[in-house]
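Structural overview for review
In case you want the letters, here they are:
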Amino acid sequence: MADASLGSVIRLFALTLALLAVTASVAGASAPRKKKVVPPLVSNTIHVVVPRGQPIQIAFAADSRFDGTPSLAQAIQMAVDNHGGVLGFPIRINTVNASTCGSPPNTVSAATTAAYTITAHLQNVAVLGQVCSHGFAQALAIYQKAGMVVVSGSATNPALPAAGPTVFNRTIVDDNRVADWYPVISQLPSDLAWRLDYTVKFGAPPSDFADLYYDAAIIVLNDIAAASQVDAKGELIVNRAALATAVRNTSSYPGVTCSVTIDQVTGNRTDDEAAISACAG
């Protein structure tokens with residue numbers, strides 16, 4: 001009897017384990033499965049779609065604290081007028097006031113507010129400016145995140161390239177050379193001829209750096225064409241990343257301020273003494 005009872009207990013225990021396994025299997029099959037969390041894809045390539053008949057839009061980070069700002073704006077408009085559109089699309093300049101010239105405590109917030117305003121307008125394909133270096137590094141971090149190319153004709157702080165490693169460019173040299181460089185540039189025959197054209201067009205001579213913004217605007221306009229295509233619907237597709245790359249690869253552009261070459265690593269304008277000498281001849 002003892003052996004028989006033990007055998008019965010063993011068989012009962014095995015049956016119980018089998019039932020528990022089946023129950024667990026059924027429960028697992030009926031329990032809802034957790035969805036696998038897949039992080040969203042992130043692309044550094046941002047395409048701006050310009051509908052047929054609508055303008056390509058470029059921002060100008062202006063500065064009401066700089067007396068020459070109206071002249072810079074007129075030089076940019078002169079570039080737009082002389083260029084005559086891109087691939088059949090007109091150009092619109094959207095002016096946003098950055099108010100960073102001088103050194104008040106709120107220059108950083110003014111610069112970043114302007115940058116957020118510009119990048120929030122998704123039709124903007126590029127930025128001209130900002131005019132002064134104060135707060136520009138913090139603004140460049142915003143443009144860098146948006147992949148929006150920036151070209152300044154006046155901000156000279158040597159530290160700026162690090163804040164916008166792929167989007168920052170300038171048609172002026174930095175503080176290490178600008179004091180000796182710009183007086184020479186502004187008296188070159190090509191620059192003097194442009195100043196005369198500007199004076200005839202607007203009724204007064206341009207301010208300092210207006211010539212550099214004219215060149216900056218023309219470079220951007222030329223490169224928009226290289227970084228864009230018209231699709232089957234007649235819409236212009238502008239690739240911001242391709243535009244930034246094209247501007248950064250500017251080499252020997254024949255500007256009114258002489259030959260413009262942008263350093264591919266830093267975005268700084270190259271101080272090409274040989275080219276300046278040739279322009280002066």
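Relevant structure appears above.
My aim in this report is to walk through the structure given alongside it, one point at a time.

What counts and how
- Residues numbered from 1 in each chain as written.
- Predicted model: local features only at pLDDT ≥ 70, side-chain atom pairs only at ≥ 80, totals over all residues.
- Heavy atoms only, no water.
- Core = buried A, V, L, I, M, F, W, Y, C linked by side-chain atoms within 4.5 Å.
- Buried < 20%, exposed > 50% of the residue type's maximum accessible area, 1.4 Å probe, protein only.
- Helix = DSSP H or I, 4+ residues; strand = E, 2+ residues; numbered from the N terminus.
- Contact = heavy atoms within 4.5 Å.
- Lys, Arg positive; Asp, Glu negative; His and termini not counted.
- Salt bridge = Lys/Arg side-chain N within 4 Å of Asp/Glu carboxyl O.
- Polar contact = N/O pair within 3.5 Å; in protein donor to acceptor, adjacent residues only side chain to side chain.
- Pairing = 2+ DSSP bridges.
- Right-handed = clockwise from strand over helix to strand, strands pointing away.
- Axes fitted to C-alpha atoms, helices over the stretch in contact; angles between N-to-C directions.

1. A closer look at the nonpolar core
- Ranked by size, the top nonpolar core spans 45 residues in total, and within it I56, I58, V125 and L128 carry the most contacts.
- For this core, the leading source of residues is helix α8 (residues 210-226), giving 10 residues.
- The contacts of V125, once residues within four sequence positions are left out, are V48, I56, Q57, I58, M148, V149, I224, V238, R240 and L243.
- Among the nonpolar cores identified, the runner-up in size contains 21 residues, and A61, I118, L140 and A155 belong to it.

2. Some remarks on the side chain of R269
- Within the secondary structure, R269 sits in the loop between β10 (258-260) and α10 (273-280).
- Although R269 is buried, it makes no salt bridge; D215 carries the closest opposite charge, 4.8 Å away.
- Within the structure, the side chain of R269 is placed 2.8 Å from the backbone oxygen of T257, a separation counted as a polar contact.
- Discounting residues that sit within four places of it in the chain, R269 has contacts with R170, T171, I172, V173, W181, L212, T257, C258, S259, V260 and T261.

3. Quick word on unusual backbone geometry
- Of note, the bond from G129 into Q130 is cis; its omega dihedral lies within 30 degrees of zero at 0°.
- Position of Q130 relative to the elements: it lies in the loop between β4 (124-129) and α4 (136-146).
- With phi around 50°, S99 is a residue other than glycine that occupies positive phi space.
- Along the chain, the position of S99 falls in the loop between β3 (91-97) and α3 (107-120).

4. With respect to the pairing of β3
- Pairing between strand β2 (residues 56-62) and β3: seven bridges, direction parallel. The partner of F60 across the bridge, within β3, is T95.
- With helix α2 (residues 69-83) bridging β2 and its parallel neighbour β3, the resulting β-α-β unit is right-handed.

5. A few points about the pattern of salt bridges
- Within the structure shown, the criterion is met by six salt bridges.
- Here R177 and E273 are joined by a salt bridge, their closest N and O atoms 3.7 Å apart. Residue R177 is found in the loop between β6 (168-170) and α6 (178-185), and its partner E273 is found in helix α10; the two are separated by 96 residues along the sequence.
- Judged by relative accessible area, R177 falls into the partly exposed class, the value being 32%.
- The class of E273 is exposed, set by a relative accessible area of 55%.
- Among the ionic pairs, R195 bridges to D211, the shortest N-O distance being 3.2 Å. With R195 in helix α7 (residues 189-202) and D211 in helix α8, this pair connects stretches of sequence that are 16 residues apart. Comparing R195 with D211 shows no difference in burial state: the two are buried.
- Sharing partners across several salt bridges, the network here consists of R177, D271 and E273.

6. Some details on the sheet that holds β2
- With respect to topology, five strands assemble into an open sheet ordered β3-β2-β4-β5-β6, the strand pairing being parallel. Each edge of the sheet is formed by a strand with only one pairing partner; in this case those strands are β3 and β6. Ignoring strand direction, the axes of neighbouring strands in this sheet form an average angle of 25°.
- Judged from the three bridges that link them, β4 and strand β5 (residues 149-152) form a sheet pairing that is parallel. Across the sheet, V127 pairs through a bridge with V150, a residue of β5.
- Packed onto the sheet, α3 meets β2, β3 and β4 and runs at close to 150° relative to β3.

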